[in-house]
Amino acid sequence: MAYAVTQSCCNDATCVSVCPVNCIHPTPEERAAGVGGLSEMVFVDPDTCIDCGACADACPVGAVLPVDLLRGPDTVFADLNRQYYEAHPESATWDALAFPVAPPQGSGPFRVAVVGTGPSAAYTTRALLTGSPATVTMIDRLPVAGGLLRSGVAPDHPQTKRIEDTFAWTYDHPRVRVQLNVAVGADVSHAELLAHHHAVVYAVGAATDKTLGIPGEGLPGSVSATEVVAWYNAQPDRAPAEIDLSSPRVVVVGNGNVALDVARVLLTDPEALARTDIADHALEALRRSAVREVVVLGRRGPEEAAYSRAELVGMRAIDGVDLVVADHPATTAAVDAAPVGSKAAMLRDVGRVDVAWEADPPPGKRVVLAFWTAPVALDGDEAITSVRVRDTTGDDASEQTIVAGTVVRSIGYRGTPVPGLPFDEVTGSVPNARGRVLGRDGQPVPGAYVVGWIKRGSKGGIGANRACAQETVAALVEDVSAGRLPEPAGSARDFRTLLRRRRSDVVGVRRMRAIDLAERRNGALEGRPRRKFATVPELLAAATPARWLGRQR
C-alpha cells in the first residue's frame, strides 16, 4: 500500500528528508537545478515506496495518505504521483547529502533579529535554533503572529494552516523573544536593530500587488487580489475593501493559485465557509452575494497556467459549482495533445463551452477558465460595467466585451522598499546573494539578510521558504564563523528598554497567546476553528492576559 501526496501539500520537503529510500521528489536540490520542472508539490514514487509511513508522520499539513484510503476527488492524486515518475524517470535517483554549516565549536552565542513572523520568518528562526547557538528576537508590525498563514491562506484550506502547529514551539523557545506591534522603520530603525543584534533577517514578504497598466484600472469595481484576500481573511491593518458582489459575473485576471482561491471563495456556499475562520464581514457579504459566475483569464494556454495541479483538483470538487473551459481552438489543441499528468491533460474531461460574454451567465454557479485571453481596458462611466479583452494567439485581433461588475487583478505580488536597505524597483525585492543584502557597490551589507518573497520575488508557496531560509541562515552562520559581523554595542536588555520607551503596547508571547486563546474560544462557540479579530484595537484589547497567564515574557 504505497503513499501519495495530496492537495494540501505545502512543499516544505520535510517528507523528503525523512524518507529512508529516497522515493519522494523533486527534492529542493532538484528544484534548484531545474530537474523535473516542478516546484508546486512533491510526489511519492509508488514503485520505490516501502510503506513505512515516515513521510505521513512528518508531514506538517497531513497531505500524505495511503493510496488505499484516498476517496472522492483525492483519488486522482494516486495517478498524479505515479505519472510524475513516468514523465521524469531521472528523479528516481539519489541526491548527494548536504549538511548545514555550523559555527565552530567554542564560538559564543550571537543575537539575531528576525523581522516578520510568517512562514519564512518561522523557518529562519527554526533553522537558527536547531543549527546554531543564536538567540532570536522576532518582530512584527501587527499584534498577532502568522504572516501569510494568517492573512494569505484561504479560509477553506484548514489543512494548509496546520503548518502553524509546526511553528508553535518556536515562539516558546527559551532562546526566542517575541516583540509584536512594533513597526521597523517607524518604531525602530534598521541601524538600531543592528546596534543591539549581530544580524537582522528581513522576512517581510511582498505586501502590494502588480498592476495591469490598462485604461479604467482605477474605476470602482477594480480591486486587487491583495485587497480581496485581506478582506476575507480579516487582515487587521487594512480597512475591509468594498467588494461589489451585486453583479452575477466577476472577472479575475490571472490564473495562479490566488486567482483560484478568490474564485472558489466567491462561489462556495457561505454556510460551508461559516465553519471556517473567514472574516465575519466577508461572510455576511457573501450571504448577500449575487455572483454566479467567475471568469478566470489567462493570457497563455492551459499547459502554462500558473495554478498548481492540486488547486485545479480542488476547483473541481466545490459542491454546487461547475468548472468549465471557454472554447478556443488553441485550448482544444493543447488539451488534446497534452502528455498524461500535465495540467492541460487534467482538463480533458472538463466541459468546453461557448460563453455569451455580453449576456448574464446561465442559472447555477460556475468557474470559467478562459485561456489565451488578456484584458485591454476596463469600461464604465462611474464604475466598471464590462471588460474588453483580446485573443493573445494572434489568430483573431478583434476585441470582445465581457459584462462584469467587478474585476480582480491577480497577476502577482510585489515587495515594497525596506527602510534602511537597498531596493530593486524592477524585481520588487532587496538585492542579495544567498540572502546577504548587497549594497550599491555589489558588496554585502554587514549584518543585513533577507528571506522569502522579499529575497526572491513572489515565487513559491509556503514550503518553498524552508529551503530559502536554510540558504540564508547558512550564509549568516558562515559570516559569524568568519568573524565578519561586528559586536553590537547594546544588549538584549537595552533593546527591550528601547522598545518600551517607544511603545507602551508591545505584545510579547503571553499576550500573543491570549489573543489566540480568545479567538479560538469565540470560534468554538459557533463551531469554527477561530473567530478572528478584524482590527488592531480589537487584537490589543484581547491581548490583555488573564491573571493565570502571569507576567509577559
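Provided above is the structure to which this section pertains.
Remember, predicted model here, so these are calculated numbers, not experimental data.

Engineer: Please explain the packing of helix H10 (residues 225–233) against helix H11 (residues 257–267) as it appears in this structure.
Structural biologist: One can describe the packing of H10 onto H11 by two numbers: an axis separation of 11 Å at closest approach and a directional angle of 50°. One element, H10, and the other, H11, form an angle in the oblique class. For H10 against H11, the interelement crossing comes out left-handed. Taken together, the residues of H11 that come into contact with H10 (itself represented by Ala-225, Val-228, Val-229, Trp-231 and Tyr-232) are Val-258, Asp-261, Val-262, Val-265 and Leu-266. Residues that form the contact of H10 with H11 fall into these classes: 9 nonpolar, no polar and 1 charged.

Engineer: Just to check I follow, could you spell out the packing of helix H8 (residues 163–172) against helix H19 (residues 509–524) for this structure?
Structural biologist: To characterise two packed helices, one gives the angle between the axes of the helices and the distance between these axes. Axis separation between H8 and H19 bottoms out at 10 Å; the angle between their running directions is 145°. Handedness of the H8/H19 crossing: left-handed. Facing H8, whose interface residues are Glu-164, Ala-168, Tyr-171 and Asp-172, H19 presents Val-509, Met-512, Arg-513 and Arg-520. For the contact of H8 with H19, the residue count by class is 4 nonpolar, no polar and 4 charged.

Engineer: Please explain unusual backbone geometry as it appears in this structure.
Structural biologist: Apart from glycine, the bulk of residues carry a negative phi angle, and the bulk of peptide bonds sit in the trans form. For the bond from His-25 to Pro-26, the omega torsion is 0°, close enough to zero to count as cis. Here Pro-26 is to be found in the loop between strand S2 (24–25) and helix H2 (28–33). A positive phi angle, near 70°, is found at Ala-13, a position not held by glycine. Here Ala-13 is to be found in the loop between strand S1 (3–5) and helix H1 (14–18). If you check the backbone angles, Arg-434 has positive phi at about 55° while not being a glycine. Within the element layout of this structure, Arg-434 appears in the loop between strand S21 (432–433) and strand S22 (436–438).

Engineer: Would you explain the pattern of salt bridges in this entry?
Structural biologist: It is possible for side chains bearing opposite charge to pair when their charged atoms get close. If you walk through the whole model with that rule in mind, you get 36 salt bridges. With its nearest N and O atoms 3.1 Å apart, the salt bridge here joins Asp-187 to Arg-503. Within this pair, whereas Asp-187 is found in the loop between strand S7 (176–180) and helix H9 (190–196), its partner Arg-503 is found in the loop between helix H18 (492–502) and H19, the two being separated by 316 residues in sequence. The class for Asp-187 is buried, based on a relative accessible area of 13%. Judged by relative accessible area, Arg-503 falls into the partly exposed class, the value being 25%. Two residues, Glu-478 and Arg-436, come together in a salt bridge whose shortest N-O distance is 3.0 Å. Taken together, the residues Glu-478 in helix H17 (residues 464–481) and Arg-436 in strand S22 connect sequence positions 42 residues apart. Salt bridges sharing common partners tie together Arg-150, Asp-516, Glu-519, Arg-520 and Arg-530.

Engineer: Can you walk me through the nonpolar core in this structure?
Structural biologist: Where a protein is soluble and globular, its nonpolar side chains tend to be buried together. Core analysis: the biggest nonpolar cluster contains 122 residues, and Trp-231 and Leu-369 have the highest contact counts within it. No other element matches the 7 residues that H11 contributes to this core. Sequence-distant contacts of Leu-369, that is, excluding residues within four places in its chain, are made with Leu-260, Val-296, Tyr-307, Leu-312, Leu-323, Val-324, Val-325, Ala-326 and Leu-347. Counting residues in hydrophobic clusters, the runner-up holds 21 residues, among them Val-184, Val-188, Val-430 and Val-506.

Engineer: I'm lost on the pairing of strand S19 (residues 406–409) in this one. Help?
Structural biologist: Two faces make up the sheet, and in a regular strand the side chains alternate between them. What you see with S19 is no split at all: Thr-406 and Val-408 on one side and Val-407 and Arg-409 on the other are buried throughout. As defined by bridge partners, strand S10 (residues 222–224) adjoins S19 across 3 bridges and the pair is classed as parallel. When the bridges of S19 are listed, Ser-224 appears paired with Arg-409.

Engineer: Hey, could you run me through the state of the cysteines in this one?
Structural biologist: Here a disulfide denotes a covalent bond joining the sulfur atom of one cysteine to the sulfur atom of another. Using the criterion set out here, one finds 0 disulfides in the structure. The thiol of Cys-9 is not disulfide-bonded; the next cysteine sulfur, from Cys-10, is found 6.0 Å away. Of all cysteine sulfurs, the one in Cys-19 lies closest to Cys-23, which takes part in no disulfide; the gap is 3.5 Å. Cys-23 sits in the buried class, given a relative accessible area of 5%.

Engineer: Help me understand the packing of aromatic side chains, please; the structure alone is not making it clear to me.
Structural biologist: Both the distance between ring centres and the angle between the ring planes are used here to describe each pair of aromatic rings. As enumerated under the stated definition, the model contains 4 aromatic pairs in all. On the basis of an interplanar angle of 10° and a centroid distance of 4.6 Å, the ring pair of Phe-43 and Tyr-84 is categorised as stacked. A residue pair is termed long-range when its members are at least 10 positions apart, and Phe-43 in strand S3 (residues 43–44) and Tyr-84 in helix H4 (residues 76–87) qualify at 41 residues. You can call Phe-43 buried: its relative accessible area is 2%. Residue classification places Tyr-84 among the buried positions, given a relative accessible area of 4%. With centroids separated by 5.0 Å and ring planes inclined at 90°, the aromatic side chains of Tyr-84 and Tyr-85 adopt a geometry described as edge-to-face. Overall, the relative accessible area of 9% leaves Tyr-85 in the buried class. Within the aromatic cluster, the residues linked to one another by ring pairs are Phe-43, Tyr-84 and Tyr-85.

Engineer: I'm lost on the sheet that holds strand S6 (residues 135–140) in this one. Help?
Structural biologist: Remark on secondary structure: sheet strands pair via backbone hydrogen bonds, oriented parallel or antiparallel. Ordered by their spatial adjacency, 7 strands build an open sheet running S7-S6-S5-S8-S23-S22-S21, and the pairing between neighbours is mixed. Edge positions in the sheet fall to S7 and S21, since each has one partner strand and no second. Here S21 pairs with S22 via 2 bridges, running antiparallel. By the bridge assignment, Asn-432 is partnered in S22 with Val-437. Each of strand S5 (111–115), S6, S7 and strand S8 (199–202) touches helix H5 (residues 119–131); the most contacted strand, S6, lies at about 170° to it.

Engineer: Please clarify how H8 should be interpreted in this entry.
Structural biologist: Residues that lie three or four places apart on an α-helix share one face, since the helix turns once every 3.6 residues. Where H8 is concerned, the buried positions are Ile-163, Phe-167, Thr-170 and Tyr-171. Projected onto a plane normal to the axis of H8, the buried residues spread over an arc of 90° and lie on a single side. Those residues of H8 hidden inside the fold are in contact with H5, S6, helix H6 (148–151), helix H7 (158–161), S7 and H19.

What counts, and at which threshold
Residues numbered from 1 in each chain as written. Predicted model: local features only at pLDDT ≥ 70, side-chain atom pairs only at ≥ 80, totals over all residues. Heavy atoms only, no water. Axes fitted to C-alpha atoms, helices over the stretch in contact; angles between N-to-C directions. Helix = DSSP H or I, 4+ residues; strand = E, 2+ residues; numbered from the N terminus. Parallel < 35°, antiparallel > 145°, perpendicular 65-115°, else oblique. Left-handed = near helix turned anticlockwise from the far one by under 90°. Contact = heavy atoms within 4.5 Å. Nonpolar A, V, L, I, M, F, W, Y, C, P; charged D, E, K, R; others polar. Salt bridge = Lys/Arg side-chain N within 4 Å of Asp/Glu carboxyl O. Buried < 20%, exposed > 50% of the residue type's maximum accessible area, 1.4 Å probe, protein only. Core = buried A, V, L, I, M, F, W, Y, C linked by side-chain atoms within 4.5 Å. Pairing = 2+ DSSP bridges. Disulfide = S-S within 2.5 Å. Phe/Tyr/Trp six-rings, centres within 6.5 Å; stacked < 30°, edge-to-face > 60°. Arc of directions from axis to C-beta.

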